[in-house]
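Examination of the molecular architecture
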Amino acid sequence: MQEAHAAYAHAYRVKHLGEQADTWYQASRLTEYIAAVRDHATSLPPGQERTVEAWLAFADAHLQHLTESVSAPKLPTPPKPDSDDLKPFLGHWSPYGPRSY
């Protein structure tokens, strides 16, 4: 049972790590895209850049939120697993005890 708990915690942390990497990748892509839009906005005719300014303000705020969530990654504490959470890590053993099949 102890091994199943350890395997569950490991799988939980691996999943969380993947989510952090996805968020970081998204933030990196958005940084490049926002910079390109900002560069393009300088070549727009007068008046049109104002519509882009509102979009850039929104995009910058969203990017700030993403950046904050990945700037200080930490090792997550897995929630306490219930019996169903442990099933994939128990092999042929029952998560409900030795007499509960």
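Up top is the structure.
Residues numbered from 1 in each chain as written. Predicted model: local features only at pLDDT ≥ 70, side-chain atom pairs only at ≥ 80, totals over all residues. Heavy atoms only, no water.

**What to know about helix H2 (residues 49–71)**
Taking 1.5 Å per residue as the helical rise, H2 with its 23 residues ought to reach 33 Å, and the 31 Å between its terminal C-alpha atoms agrees with that figure. Within the sequence span of H2, burial applies to Val-52, Leu-56, Ala-59, Leu-63, Leu-66 and Val-70. Taken together, the buried residues of H2 touch helix H1 (2–41). (Helix = DSSP H or I, 4+ residues; strand = E, 2+ residues; numbered from the N terminus. Expected span 1.5 Å × (residues − 1). Buried < 20%, exposed > 50% of the residue type's maximum accessible area, 1.4 Å probe, protein only. Contact = heavy atoms within 4.5 Å.)

**Overview of the packing of aromatic side chains**
A full pass over the atoms with the stated rule returns two aromatic pairs. Relative to Phe-89, the ring of Tyr-8 lies with its centre 6.4 Å away and its plane at 75°, an arrangement referred to as edge-to-face. Residue Tyr-8 is located in helix H1, and its partner Phe-89 is located in the segment after helix H3 (83–86); the two are separated by 81 residues in the primary sequence. Look at Phe-89 and you get partly exposed, because its relative accessible area is 30%. Each ring, one from Tyr-33 and one from Trp-55, has its centre 5.8 Å from the other, and the planes form 85°; the classification is edge-to-face. With a gap of 22 residues between them, Tyr-33 in helix H1 and Trp-55 in helix H2 connect regions that are remote in the sequence. Taking the relative accessible area as the measure of exposure, Tyr-33 reaches 48% and is therefore partly exposed. (Phe/Tyr/Trp six-rings, centres within 6.5 Å; stacked < 30°, edge-to-face > 60°.)

**Thoughts on the environment of Lys-80**
Tracing the sequence through the fold places Lys-80 in the loop between H2 and H3. For the pair Lys-80 and Trp-93, spaced 13 residues apart in sequence, the C-alpha separation works out to 19 Å.

**Points about the environment of Ala-11**
Of note, Ala-11 is situated in helix H1. We classify Ala-11 as partly exposed; its relative accessible area is 32%. Distance in space between the C-alpha atoms of Ala-11 and Ser-83 is 15 Å, their sequence separation being 72 residues.

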